[in-house]
Amino acid sequence: MSKLIRWGIASAGKISEDFVIALSTLPSSDHKVQAVAARALDRAQEFATKHGIPKALGSYDELAKSTDVDVVYIGTLNPQHYEVALLMLNNGKHVLCEKPLAMNKKQVEGILAAAKANKRFFMEAVWSRFFPSYQRVMELISSGQLGQVKDVEVNFGFPLAHVDRLQKRDLGGGVVYDLGIYTIQVSQWAFQEKPEKIESKGTLNAEGIDDDVSATLTYSGGRTARMRFSSKEKLANTAVIKGTKGQVTLIDFWTPNKLIDIDGQVKEWLPPKGKYATNYDNSEAMRYEAEAVRQSIIAGDVENKNVTYADSLLFAEIEDTIRKQIGVLNKYDEK
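The paragraphs below set out a description of the structure included in this document. (Residues numbered from 1 in each chain as written. Predicted model: local features only at pLDDT ≥ 70, side-chain atom pairs only at ≥ 80, totals over all residues. Heavy atoms only, no water.)

**Overview of the packing of helix 1 (residues 14–23) against helix 2 (residues 41–51)**
Part 1 of the argument: Contact geometry for helix 1 and helix 2: axes closest at 12 Å, N-to-C directions at 20°. Classified by the interaxial angle, the pair formed by helix 1 and helix 2 is roughly parallel. For the crossing formed where helix 1 meets helix 2, the hand is right-handed. On the side of helix 1, the interface is formed by Ser16, Glu17, Val20 and Ile21, while helix 2 contributes Phe47, Lys50 and His51. (Axes fitted to C-alpha atoms, helices over the stretch in contact; angles between N-to-C directions. Helix = DSSP H or I, 4+ residues; strand = E, 2+ residues; numbered from the N terminus. Parallel < 35°, antiparallel > 145°, perpendicular 65-115°, else oblique. Left-handed = near helix turned anticlockwise from the far one by under 90°. Contact = heavy atoms within 4.5 Å.)

See the structure below:
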């Protein structure tokens, strides 16, 4: 296939807009946004006009059937990821789906089965792993410079009581889904093995949805990742990875342009700005995962080594375990 990949965007919300802005910082000979779809056509049209996108569609079905789209970015609300991902994959589209990938491990298994059956590229959009800072961490670990990883301490918190999609059950709310995915993935990035034990405790809001959770993941040899994620207050939002030979700290670890390297020096990589300001901080850096998707598709790969199918399954399994321990189940778990 040609070097250019043509994107379709499923949902005209804020995160989708940020993804389109991030794509605009990459060469137009490599990435083109061909279509945007939303459940309300007028929203898709408004989005398309602002961002110069040729096609605006009033349903996800039309996007799935578009012959001029290679890959679809799914930026819908959490509970819609499953059905929209299946729709796109079963219509032969490659897919980059926002995290958390689905509402539980069973849904993730269904999505990955569809990706395999259709031989399409599929990835959960764990954008953090594509930052130069995360690649630097992996270099320090795999080269042995950090020694054996012994301990990860990570916390992620903001006052988000006013954000409905985090607080409401029917919108797929809860900090495990929206914040926990980040603390889990960074721990897995450091340890690269399944935890042997998970212990968690948390508090729930009036709807019975998790709003503050602390968890310890124990790995082989008694090594641990200790994490807290909260929608009640701002936390340090760093990930400290300690090895037998030193430590490295990811600053604003979910979107880290900076890290404190093993020598104590701060290293920084700044993504370019797009034509418009983003809705969320530093979203221009979604360009890294977008380019990784393009390269994977061109190479004929169905997954990317930085966020594999196995990674997504394990993230979901850990999320499910924590939700179960703190007493947060939803209608998707009962099916």
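Still more ground to cover, so stick around.
**Quick notes on the pairing of strand 4 (residues 71–74)**
Part 1 of the argument: Burial along strand 4 is two-sided: Val71 and Tyr73 facing one way and Val72 and Ile74 facing the other are all buried.
Part 2 of the argument: Across four bridges, the pairing between strand 4 and strand 5 (residues 94–98) is parallel. Along strand 5, the bridge assignment pairs Val71 with His94.
Part 3 of the argument: Handedness of the β-α-β unit built from strand 4, helix 4 (residues 81–90) and strand 5 comes out right-handed. (Buried < 20%, exposed > 50% of the residue type's maximum accessible area, 1.4 Å probe, protein only. Pairing = 2+ DSSP bridges. Right-handed = clockwise from strand over helix to strand, strands pointing away.)

**A short note on unusual backbone geometry**
Part 1 of the argument: Residue Pro100 follows Lys99 across a cis peptide bond; omega there is -10°.
Part 2 of the argument: At Asp252, a residue that is not glycine, the phi angle is positive and equals roughly 50°.
Part 3 of the argument: Residue placement: Asp252 occurs in the loop between strand 12 (246–251) and strand 13 (258–260).
Part 4 of the argument: Of note in this structure, Asn282 is not a glycine but carries a positive phi near 65°.
Part 5 of the argument: The topology assignment puts Asn282 in the loop between strand 14 (266–268) and helix 9 (286–299).

**Regarding the nonpolar core**
Within soluble globular proteins, side chains that are nonpolar generally end up buried alongside one another.
Part 1 of the argument: The biggest cluster of nonpolar side chains holds 79 residues, and the ones touching the most others in it are Trp7, Phe19, Ile241, Leu250, Phe253 and Ile322.
Part 2 of the argument: Sort the elements by how many residues they give to this core and helix 8 (residues 175–191) lands first, with 10 residues.
Part 3 of the argument: Each of domain 1 (5–126) and domain 2 (132–268 + 305–326) gives at least three residues to this core.
Part 4 of the argument: Excluding anything up to four places from it in sequence, Ile322 contacts Val176, Ile184, Ile198, Ser200, Val213 and Ala215.
Part 5 of the argument: Core analysis: the second largest hydrophobic core is formed by 27 residues, Ala37, Tyr60, Ala102 and Ala316 among them. (Core = buried A, V, L, I, M, F, W, Y, C linked by side-chain atoms within 4.5 Å. Domains from an automatic or database assignment.)

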